[in-house]
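So the chains spell out like this:
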Amino acid sequence: MRSQGVLHVDTQIVVPFFDVDSMNVVWHGHYVKYLEVARCALLDLIGHNYNDMLESGHAWPIIDLQLRYVRSAVFGQALTVRASLVEWENRLKINYLISDAATGDRLTRASSVQVAVDVASREMLLASPRVFVEAVERKLP
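For the protein chain, the name recorded in an unreviewed UniProt entry is Acyl-CoA thioesterase, with Pseudomonas beijingensis as its organism. Regarding the protein chain, the relevant UniProt record gives this comment under Sequence similarities (unreviewed entry): "Belongs to the 4-hydroxybenzoyl-CoA thioesterase family."

**Remarks on the pattern of salt bridges**
The tally for this structure, following the rule as stated, stands at 7 salt bridges. For Glu134, the salt bridge is made with Arg130, and the minimal N-O distance between the two is 3.3 Å. Of this pair, Glu134 and Arg130 both sit in helix 3 (residues 130-139), separated by 4 residues, roughly a single helical turn. Assessed through its relative accessible area of 36%, Glu134 is described here as partly exposed.

**Comments concerning the nonpolar core**
Tyr34, Leu42, Ile46, Leu85, Leu92 and Phe132 are the most contacted members of the largest nonpolar core, which totals 32 residues. Of all the secondary-structure elements, those providing two or more residues to this core are strand 1 (7-14), helix 1 (30-46), strand 4 (78-87), strand 5 (92-100), strand 6 (106-114) and helix 3. For this core, the element with the highest residue contribution is helix 1, accounting for 7 residues. If we ignore the near neighbours within four places in the chain, the residues touching Ile46 are Leu7, Leu85, Phe132, Ala135, Val136 and Lys139.

**With respect to the pairing of strand 5**
Most of strand 5 is tucked away, with 7 of its 9 residues classed as buried. Strand direction decides the pairing type here: strand 4 and strand 5, joined by 8 bridges, are antiparallel. Bridge pairing links Ser84 to Asn95 in strand 5. Once strand 4 ends, the chain turns through 4 residues before running back antiparallel as strand 5. Bridging between strand 5 and strand 6 involves 8 bridges; their strand directions are antiparallel. The partner of Ile94 across the bridge, within strand 6, is Ser112. Between strand 5 and strand 6, which pair antiparallel and follow one another directly, the connecting turn spans 5 residues, one of which, Gly104, has a positive phi of 80°.

Calculation notes
Residues numbered from 1 in each chain as written. Predicted model: local features only at pLDDT ≥ 70, side-chain atom pairs only at ≥ 80, totals over all residues. Heavy atoms only, no water. UniProt positions renumbered as here; feature names shortened; annotations may be inferred. Salt bridge = Lys/Arg side-chain N within 4 Å of Asp/Glu carboxyl O. Helix = DSSP H or I, 4+ residues; strand = E, 2+ residues; numbered from the N terminus. Buried < 20%, exposed > 50% of the residue type's maximum accessible area, 1.4 Å probe, protein only. Core = buried A, V, L, I, M, F, W, Y, C linked by side-chain atoms within 4.5 Å. Contact = heavy atoms within 4.5 Å. Pairing = 2+ DSSP bridges.

Set out below in structure tokens:
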């Protein structure tokens, strides 16, 4: 069972026509875009989004991305994309669940891993910057 994480946010997305292929299902690469929308909402909830990261002198590239497709989404379908924070002290790991907004049926699950990089030196950090860890800790119950 995947970790539910310590914080999560649900984002609503309605599948646009330009995301579907000739079979009227979402092309697999567009799911990554849905994950990004949810990840940005989670970072906003934490209070340390990509702009804040850059202002603090850090970039956070994705180093690992895993997706497991269970069922295809289709044009016009309302989706709920849940992003759950799993790890933050040494790396940023987020688990995702994409489900049908009406039925709750699981369509896709995923996870992403990001690491902090010092923008000036381009060196990967072995621990998350203190400013990010503190932002997460302020939001914990």
